[in-house]
Amino acid sequence: MVKRKVAALEKVEADLVSLQYKIRRDPQSYAQEFYDQWLSYDAQRQIFVSAPTTASLDDVKKFHDLVDLVAHVADLYPELTAPYPDHLKELLNRHHAVLNSELRGKVVGSLVLIRRKEVIDSTSLLTTLFPILISTPSKTLRTLLYGKIISDLRESNSRTTNHRLNKTIQTVLYNLVTSDRTSTKGMWATRITRELWRRQIWVDAKPCDVMKEACLSDNEKVVVGGVRFFLGGDKEREEAEDDSSDEEIDVRRVKHVGTINKKTKKRRKAMDKAISKVKKQEHKKKAPHPLNFSALHLIHDPQGFAEKLFQKHLQNTKNKFTLENKLLVLQLVTRLVGLHKLTIISLYSWFVRYLTPKQESVTSFLASLAQATHNLVPPDALEPLVIKIANEFVSEASATEVAAAGINAIREVAIRQPLCMSETLLQDLVLYQRSKDKGVVMAAKGLQSLYREVYPQLLQKKYRGKEATMGLRSGETKQRKFGEEDVGGIEGIELLEQWKEEQKTAKLAAMFAEGEGGEAKIDVDDDGFDSDEWEVGSEETDSSGGWINVSDDEDDGPATKRPRTDSDAPPLVGEDNGNAISEANRISKLATTSILTPADLLKLQELRREANVEKLLGSKTAKRKKELIQRHIDEGVTADDIEMPANIGKKSTKEERLAMAKDGKPLREEHKSTQAIRKSKKEALGKSSTNKEKARKKNFLMTIGKARAKNKRSLTDTQKSLKAHVAKAKSGGRRKNGA
Amino acid sequence: MGSSNKKKKEKKKDFNKAKLKVGKAKAKAANFTDTSFKSKSIVVNQEAIAVDNIDPTKQFKQNLSLAATSKTDNIRRDALSYLINQLSAKPRHDPIGTAGILTKLLPLVSDSSKAVRARLLALFRVLPPSEVRPHAEKILMYTRGGMTHLSNDIRNDTLNVMEWLIEVAGDDVVSCPGGWLKTLNSFSSMLGWNPNVGSAMSSKGWTTGSKTLLGTKKGPESQARQMQVLAQFLKAGFQPEMSAPYESRAYWDNIYRLPGMPNPFAYLNLFGTPRDEGSEMYPDRTSRKRVFDLKWKVAIYTGIDGAKKEGGLVGRAAAALDKVLAEGLKEGNSVPEN
């Protein structure tokens, strides 16, 4: 008798995989087989559930395989496998602590898989995984779940933003943070939120709310998580964005490689992929930059938040945070105060205790103080602090670094609120520019130049400098009062207005010169552009339709013409002369009475350039100061800023100089020639050697025959070959490079 | 001379630069250490070498664990044989108890080796029926898993286990949670009579054969056997209930004594997960019959009709099944319940 052949499927090892393959190819015909396996799955599940802790390895393995099979084909038999997701969820919820780690991973993976096949939706997946994430003691499971949660959220937001899902998850996270403020569970909320913020999946106010609540938690870890998010989350986001566009593909190189290597399907696919990626990147570059607000701007009720944060974590004497974390919280509070111009009076008196040179990381405190200052802080609150800094830090006896840091801190405060200084103190501090230490000198000079601009009256006459003295005499430099704000406006708007007037009168003159011509044309062309495109930009006279005539124009005249009547020079120059022009007149009404079109704005730019408006905007230092303040609004003051002048004139150590020299240069592990480094780089890129190199390396014995033959050539032969060589070179070599 | 030249060359060798060749791997450095391997601990199942002078209890346990976990078919088979010997010896040597043995050995129901499965059945047969009965539900779970196993051989051998189970604990089998409906489901799926599949796939217009069965020819023997066991199962399910003989103490025992069987209030399902229809308990004949009429009667009769037409071995088995069914259902109608 012939031995019966065992069919492939009867080898118990390989069967489920091939069954899965067959089912996916033809689900209709294999329904019966699948149903059998479904029953087996059900039986195994019951066996497992009846004794999850003592299940034998064999059973677990079988169950594992069946779970895998069902997950892969669940979308094909939706009715049969309807209870499957619930089974998995229940299994995970009830037994995640005792499940075999491999099986546990499989169950999680299967859930994610059926989510990808859209058997279940993201919300139900995430609401299953999330409670386990925060309750499980197993680190591997946590890592797994965290990764899956993030990737699922990413996936479901990849095409369009899934607002519904985001809202649900954000609410879950919010509740997690607020429900139990003492537990560390909030950590997960902060981690997930921060990651999604970094990836720009969540960019609205709700995640900021979650983080805000995290900041107000009782648990130190959670608080630090939240605070760090506000201080560094946006920067992280920008960096992540830069990173993603970093990997550039050289299309030329890819194409070249394609021509050389063997042509295979795989290589072609890789090339197509690379090219499409490049196209995508280019598309991305051209796309308008997404308008992302920083987290600090999206906070709802910053005043209340900053106050609470301050009272809870800083003012509260029972708080036992480490100094480092306290500083973080302080940074956030002061950042908020500076950015939103909040008023927390008690904050300034709180600072007093920490402003001594002996205080650990005092420069951070000084930086925070500078950060917390803005022009709406009452000078009375700041003055004692400034005096304290001056007394504690700045004296002949103190170390030069300390004095420099002190003066610099005072300067940083004074930039933002110049009224915080008394005359005697300033004069005293300015005198430190006679010090021997360069850092102190620079700091004192900085303070002096600042006050020359903002409040020269406080300085002694000899320290005021030419410009300030002249400004004082002409009455141009005025001391700003507390709470006074700049009057806003559009730079050079007067120029535009004037130009428009000129255009109009020129048109009118031309019109009258011609004698007649449709009056209705006047306003149609009055702004000198094709008004079919920019109808909005035409003046209000448009509204009167066909009725426009010269008299109508005269009505409009006085309001818009006024600036031009003052002088022939551009209005800003006229202002420089100190002529009595009322403030109301100076502000053009153009922007308030009509809408500026893009064409208008372009013209405005051009005019500004012509009139060299930028020169009139103020001295360089003023501009620099403005920039400085702007920068600090964006990034905040750091301890480094305070310490900087102290380092001026200090000689750096050899290590520092070496590090500086090495910075930005290619890495050298060993001593090697530049040539060798270049060569190894080339090799790493997969490039081969040049012909020259090959020739040089060629075995001597192989070349010797040719060399001998060359020597034995007749004169004509030599000539022939030389000529051929020249001709070849002329036509661009073998590759015909020139042609 | 020659040797000195050789020595010279050898000495020089150290200072020669290794030549690199295109397409060849770079030569390994002299002090190269291969770190590519990963160390793995080797776990050897404890297999004692010394045979004599071993504590019999210990040996029993060892064999039990070998039977359950050994990777080699023959070792499993031999271990099972040893266990059978011990259990069937007079006096019987069973230091672990039926429950322990069952927990360990039940996964072997769907073992890949035929010999092991055969020995397992033999071992089951030497277990005392009274001790098996409380574990009917558990055994049934494994049996159901085996009945729908991919491998045909395993299915057939599982039927033998089923047959044994019906023999020793027929009443428990049909009345335990999930024992009635789920087992019927498995049987009909085995025979290809399952109505669920058709409705789920909503395949109309095609007459599907009873079963495609991957790669194996479905012999009429196996189908006949399946029907035969199904008939036994139905017979057990529709067995008329005997009223328990009168016992004067029974009434008072019921009220005041601790119940003698495990989980006496299983039907209340106090601590388990809520059951669905399939895994519900159908403790008496009436309820079983009701559910059967509702869910399975049509499907099974259709299947029987089809099988009868096939004739031969299958037809005969179908006729026998039909007879059992008719008897069971009829009897229920005529005999009044007391």
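Conventions and cut-offs
Residues numbered from 1 in each chain as written. Chains lettered and ligands numbered in written order. Predicted model: local features only at pLDDT ≥ 70, side-chain atom pairs only at ≥ 80, totals over all residues. Heavy atoms only, no water. Helix = DSSP H or I, 4+ residues; strand = E, 2+ residues; numbered from the N terminus. Contact = heavy atoms within 4.5 Å. Core = buried A, V, L, I, M, F, W, Y, C linked by side-chain atoms within 4.5 Å. Buried < 20%, exposed > 50% of the residue type's maximum accessible area, 1.4 Å probe, protein only. Expected span 1.5 Å × (residues − 1). Patch = residues over 30% accessible without salt bridge, like charges linked within 9 Å, V, L, I, M, F, W, Y side chains within 5 Å. Areas by Shrake-Rupley, 256 points an atom, 1.4 Å probe, with all protein chains shown as cover. Salt bridge = Lys/Arg side-chain N within 4 Å of Asp/Glu carboxyl O. Axes fitted to C-alpha atoms, helices over the stretch in contact; angles between N-to-C directions. Parallel < 35°, antiparallel > 145°, perpendicular 65-115°, else oblique. Left-handed = near helix turned anticlockwise from the far one by under 90°. Nonpolar A, V, L, I, M, F, W, Y, C, P; charged D, E, K, R; others polar. Phe/Tyr/Trp six-rings, centres within 6.5 Å; stacked < 30°, edge-to-face > 60°. Lys NZ or Arg CZ within 6 Å of the ring centre and 35° of its normal.

Q: Outline the side chain of serine 186 of chain B, listing residues and values.
A: For serine 186 of chain B, the location among the structural elements is in helix 9 (residues 181-191). Those residues in contact with serine 186 of chain B, other than ones at most four positions away along the chain, are Leu39 of chain A together with Arg144, Met147 and Thr148 of chain B.

Q: Residues and numbers for the nonpolar core, please.
A: The nonpolar side chains of soluble globular proteins are, as a tendency, buried together. Core analysis: the largest hydrophobic core is formed by 84 residues, its most contacted members being Phe230, Leu347, Met421 and Tyr451 of chain A. Beyond its immediate chain neighbours, meaning those up to four positions away, methionine 421 of chain A contacts Val386, Ile410, Leu426, Leu429, Leu447, Tyr451 and Leu458 of chain A. Formed by 72 residues, the second largest nonpolar core is a distinct cluster that contains Leu108, Leu165, Val314 and Ala318 of chain B.

Q: Help me get a handle on helix 25 (residues 493-514) of chain A, residues and values and all.
A: The terminal C-alpha atoms of helix 25 of chain A lie 32 Å apart, and with 22 residues this matches the ideal 32 Å at 1.5 Å per residue to within 8%. Listed as buried for helix 25 of chain A are Ile493, Glu494, Leu495, Leu496, Glu497, Gln498, Trp499, Lys500, Glu501, Lys504, Leu508 and Met511 of chain A.

Q: Tell me about the side chain of glutamine 371 of chain A, residues and numbers included.
A: All names here are of chain A. Structurally, glutamine 371 can be placed in helix 18 (residues 362-371). Glutamine 371 sits in the buried class, given a relative accessible area of 8%. Apart from residues lying up to four places away in sequence, glutamine 371 is in contact with Gln331, Thr334, Arg335, Gly338, Gly636 and Val637.

Q: So, a nonpolar patch on the surface: which residues are in play, and what are the values?
A: Judged by side-chain polarity, Phe265, Tyr267, Leu268, Leu270 and Phe271 of chain B come together as a nonpolar surface patch covering roughly 640 Å² of accessible area. Its place among the elements puts tyrosine 267 of chain B in the loop between helix 12 (250-256) and helix 13 (285-310).

Q: Account for the packing of helix 3 (residues 57-73) of chain A against helix 4 (residues 84-95) of chain A, naming residues and giving values.
A: Residue and element names in this part refer to chain A. The interhelical angle for the contact between helix 3 and helix 4, taken along N-to-C directions, is 140 degrees, at an axis separation of 11 Å. As judged from the angle between their axes, helix 3 and helix 4 are oblique. Helix 4 is crossed by helix 3, and the crossing has left-handed handedness. Between helix 3, through Phe63, Val67, Val70 and Ala71, and helix 4, the contact on the second element is made entirely by Tyr84, Leu88 and Leu91. Each residue belonging to the contact of helix 3 with helix 4 can be placed in one class, and the counts come to seven nonpolar, no polar and no charged.

Q: If you had to explain the packing of aromatic side chains to someone new, which residues and values would you point to?
A: For the structure shown, the criterion picks out 23 aromatic pairs over all chains. On the numbers, 5.6 Å between centres and 75 degrees between planes, the contact of tryptophan 180 of chain B with phenylalanine 238 of chain B is edge-to-face. Separated by 58 residues along the polypeptide, tryptophan 180 of chain B in the loop between helix 8 (152-175) and helix 9 and phenylalanine 238 of chain B in the loop between helix 11 (220-237) and helix 12 bring together distant segments of the chain. Ring plane angle 50 degrees and centroid distance 6.5 Å describe the contact between tryptophan 180 of chain B and phenylalanine 292 of chain B, whose orientation is recorded as tilted. Note that tryptophan 180 of chain B is positioned in the loop between helix 8 and helix 9 and phenylalanine 292 of chain B in helix 13, a separation of 112 residues in sequence. Its relative accessible area of 0% is what places tryptophan 180 of chain B among the buried residues. Taken together, the aromatic side chains of Trp38, Tyr41, Phe48, Phe63 and Tyr84 of chain A make up a single cluster linked through ring pairs. Over the aromatic face of phenylalanine 32 of chain B sits the side chain of lysine 28 of chain B, whose NZ or CZ is 5.3 Å from the ring centroid.

Q: Break down the environment of leucine 495 of chain A for me, citing the residues and quoting the values.
A: All names here are of chain A. Take leucine 495: it is sitting in helix 25. By relative accessible area, leucine 495 is classed as buried at 12%. Taking the C-alpha atoms as reference points, leucine 495 and glutamine 605, separated by 110 residues in sequence, lie 10.0 Å from one another.

Q: Explain unusual backbone geometry to me, and be specific about the residues and the numbers.
A: That bond from lysine 90 of chain B to proline 91 of chain B is cis: its omega, 0 degrees, falls within 30 degrees of zero. We note that glutamate 118 of chain A has phi near 60 degrees; this positive angle belongs to a residue other than glycine. Positionally, glutamate 118 of chain A belongs in the loop between helix 5 (101-116) and helix 6 (122-135). The backbone phi angle of serine 361 of chain A is positive, close to 40 degrees, even though this residue is not glycine. Counting through the fold element by element, serine 361 of chain A comes out in the loop between helix 17 (345-351) and helix 18.

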